[in-house]
Amino acid sequence: MSKVETFTAPEIIETLALSDLYLSDLNPRQDVAEEGIALLADSLVMCGLIQNLSGLRDADGKVAIVAGGRRLRALNIAVTERADLAQVPVKITDNPFVAEQWANAENTAREELDPVDEVRAYGKMSEKSLSAAKISNAFGVTEAHVRRRLALAGLPAAVLDALKAGEISMGLAKAMTVSSEEEKILQVLEQAKECRWFSEHDVKQALTSEAVRSTNRKAVFVGQKAYVEAGGTVTADLFADETLFNEGALLDRLFAEKLAAEAAKLREAEGWDWVDTHEDSYIPYGFSGSEGMHRLEMVSREFTEIQAERYDELVELYEAEALDADGEKELVALEDYAAPFYSDDQRKLSGVFLYVGNNGEIKTSSAYVAAEHVQAAIEAGVLAPVKEPEAGETPKPAYSQKFIDDMVAIRLAAVQTALLDKPDYVLSLFAFYATPASGLTSNLFGFGYGGAERNAPEINDQFILDPRLGGERDEAAEAAYDQFQEMSAKGSVEAFKAFRELGKKTRNGEITSFLARRFLTQRPEFMAEIEAEIGADMRTIWTPSAENCFKRLKGWQLDDLYKDLLDLHGDTDMFKAFAKSKKGAKNEAMHKLFNDNAHQDALGVSEAQKARIDAWVPDCF
């Protein structure tokens, strides 16, 4: 078998006279557009040659350019305006085989410019009023690529210097383009350089704490045009392909005003006694608006015998695909006639809540009778008599205490889990805890008597506790634990030295996990604020099931939940079948709804309904 030889030649870069260079036959780019060469020449005049050429030295001492043919052509034009371009850096080889490899590499995988050099080059060209289209032509890249590089070119020079020096990542630099405030960007830059765990999300959060994405339901509902006309400003995040509404407070005001105006229009158009607005993106199950309100069921018309016969006849034709256009209209009219609705008498004594869903569309709740109209509604026959509790009778709680205790434990575990990935936030909580600002009776962490709080439910079906919070260790955690155990055998002095040698990442990780697993449940408003800020979500570590949840709820709670999650009303066959089933069947149906994608598809569950199912947790806090 013959041995394949490989050639390894040293790469030497020499500065040569432009007149000693010519295009090699090996160069893959023999035919190029003249317009592109002219634009590239303009860029060379403004920015100089950023990337050297590559060539093969011939017998006469001249150099045939095998990689960089477009640049060579452009140099011959640009040198007439910029004399220093007459001297050109060229990577030289005397080996034809190596030269051919360079030429092939030029054709298949052109060497990338240093990103920061490219950013600055594009920036200089843009300052000379060259469009993104012309710059993209000159460099042979897409316009979208140029626009993203130009966004980086608008950053303070210190950011690009830090990127060039490797002090920050390209991802962090991209995240900084969401702001145009230089002072704020430079402050965040220093944080990013000092804190190695500073993420792109942290950068954007620091620079746009009030900003809202254009895909946010409030932004969609208000609309960018109305927001800008009201004095709002927007920032295009080219790297996330989205627009940011910078003034969150203004957006909130416009959202509330528009929703209130829509509520007034709905009340006038549909004859409701009242229409109130609801801030959230959905109406939670068991919602009653306020104390003393009662939910109304829709009414429906019964078919006459003749209508029922005609309806069955039309349905039979429809299923046989034999129904003509007039028949389809008649069928629709009959279905509309029998569809549930709120009567005029109901509307006069009740109202609805208006809210905006996750897609930015207006939605209305079921109808409710306010406390002051309950008696009138009963007398008018639109509301069934309300059973009052007997004297001394204590209403039964909606949830058992054991169930509430389990939910509290899961919620705490969700917060602790989110804190594990927020070391800076954990340290801020600890510093706050250590100062009088937190209050003399504050207890954020379980250091003293009693220790840590329970963060796992008694019924732990479909519950996953992060190993760092004190559960069973995963392989990495077990290895780290063994390493620390080995260190302890050396004695405190040597163990401390060995631990410090593991670096800041290990140190910070241990501090974060130590504090996170000792974090305690706080007062409701503070707990809710912490949850929102760190993005804690019970559903990331717990999924409702028949065993851990639905068996522990009452039948009417499951009825309400099923109805609200699937946007059903009381007269639909689907809801009636569920409501009439036995408790065990309800438990199983709810389990499938939350855990079986095929079951969801069979029920025709929409994306919005799936999102609601995926987000649901019991309202027992």
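The following paragraphs examine the structure supplied in this document. Keep in mind the model is a prediction, meaning the values are calculated, not measured. (Residues numbered from 1 in each chain as written. Predicted model: local features only at pLDDT ≥ 70, side-chain atom pairs only at ≥ 80, totals over all residues. Heavy atoms only, no water.)

Observations regarding the sheet that holds strand β6 (residues 212-213)
Alright, step 1. Read from one edge of the open sheet, three strands run β6-β8-β7, paired in antiparallel fashion. Strands with a single pairing partner mark the edges of an open sheet, and in this sheet they are β6 and β7 (234-237).
Alright, step 2. In terms of strand pairing, β6 meets strand β8 (residues 242-245) through two bridges, oriented antiparallel. Following the sheet pairing, V212 is matched in β8 by F245. (Pairing = 2+ DSSP bridges. Helix = DSSP H or I, 4+ residues; strand = E, 2+ residues; numbered from the N terminus.)

Some words on the pattern of salt bridges
Alright, step 1. Tallied over the entire structure, the rule returns 29 salt bridges.
Alright, step 2. Taking the shortest distance from any N to any O, the salt bridge between D601 and K610 comes out at 3.1 Å.
Alright, step 3. Relative accessible area serves as the criterion here: at 18%, K610 is assigned to the buried category.
Alright, step 4. The network of salt bridges with common partners includes E14, R57 and D94. (Salt bridge = Lys/Arg side-chain N within 4 Å of Asp/Glu carboxyl O. Buried < 20%, exposed > 50% of the residue type's maximum accessible area, 1.4 Å probe, protein only.)

Examining the nonpolar core
Side chains of nonpolar character tend, in soluble globular proteins, to be buried together.
Alright, step 1. Counting 30 residues, the largest nonpolar core has W542, F550, L553, M590, L593 and F594 as its most contacted members.
Alright, step 2. Those elements that provide at least two residues to this core are α18 (401-420), α24 (555-565), α25 (573-580) and α26 (583-595).
Alright, step 3. Apart from the residues within four sequence positions on either side, F594 is in contact with R539, T543, P544, F550, L565, I613 and W616.
Alright, step 4. By size, the runner-up hydrophobic cluster in this structure holds 27 residues, among which are Y227, F245, F255 and Y342. (Core = buried A, V, L, I, M, F, W, Y, C linked by side-chain atoms within 4.5 Å. Contact = heavy atoms within 4.5 Å.)

A word on a nonpolar patch on the surface
Alright, step 1. Taken together, the side chains of F430, F447 and F514 make up a nonpolar region of the molecular surface, amounting to roughly 240 Å² of accessible area.
Alright, step 2. By the secondary structure assignment, F430 is in helix α19 (residues 423-433).
Alright, step 3. Judged by its relative accessible area of 33%, F430 falls in the partly exposed class. (Patch = residues over 30% accessible without salt bridge, like charges linked within 9 Å, V, L, I, M, F, W, Y side chains within 5 Å. Areas by Shrake-Rupley, 256 points an atom, 1.4 Å probe, with all protein chains shown as cover.)

Focus on the pairing of strand β3 (residues 53-57)
Residues in a regular strand project their side chains so that they alternate between the two faces of the sheet.
Alright, step 1. Taking burial as the measure, the five residues of β3 include four buried ones, the bulk of the element.
Alright, step 2. Relative to strand β5 (residues 87-93), β3 runs parallel, the two being bridged by four bridges. Within β5, the position partnered with G55 by the bridge is I92.
Alright, step 3. Both β3 and strand β4 (residues 63-67) contribute to a ladder of four bridges, which runs antiparallel. Directly across from S54, in β4, lies its bridge partner A67.

Some thoughts on unusual backbone geometry
Alright, step 1. At Q462, a residue that is not glycine, the phi angle is positive and equals roughly 55°.
Alright, step 2. Checked against the element boundaries, Q462 lands in the loop between α19 and α20 (475-488).
Alright, step 3. Residue D567 is not a glycine yet carries a positive backbone phi of 55°.
Alright, step 4. Relative to the helices and strands, D567 is located in the loop between α24 and α25.
Alright, step 5. Look at D567 and you get partly exposed, because its relative accessible area is 46%.

Description of the side chain of Q416
Alright, step 1. Topologically, Q416 is positioned in helix α18.
Alright, step 2. A relative accessible area of 0% places Q416 in the buried class.
Alright, step 3. Polar side-chain contacts of Q416 include one of 3.4 Å to the backbone oxygen of A516.
Alright, step 4. Look past the residues within four positions of Q416 in its chain and what remains in contact with it is N455, L469, A516, R517, R518 and F519. (Polar contact = N/O pair within 3.5 Å; in protein donor to acceptor, adjacent residues only side chain to side chain.)

Some remarks on the environment of Q191
Alright, step 1. Looking at the element boundaries, Q191 is found in helix α9 (residues 182-194).
Alright, step 2. Distance from Q191 to V203, taken between C-alpha atoms, is 9.0 Å for residues twelve residues apart in sequence.

Here we look at the environment of R295
Alright, step 1. Along the chain, R295 turns up in strand β10 (residues 294-295).
Alright, step 2. Judged by its relative accessible area of 25%, R295 falls in the partly exposed class.
Alright, step 3. C-alpha separation for the pair R295 and A370, spaced 75 residues apart in sequence, amounts to 9.0 Å.
Alright, step 4. Once residues lying within four places of it in the same chain are set aside, the contact partners of R295 are S366, A367, Y368, L383, K563 and D564.
Alright, step 5. Within the structure, R295 has its side chain in polar contact with the side chain of S366 (distance 3.0 Å).
Alright, step 6. At a separation of 3.4 Å, a polar atom in the side chain of R295 contacts the side chain of D564.

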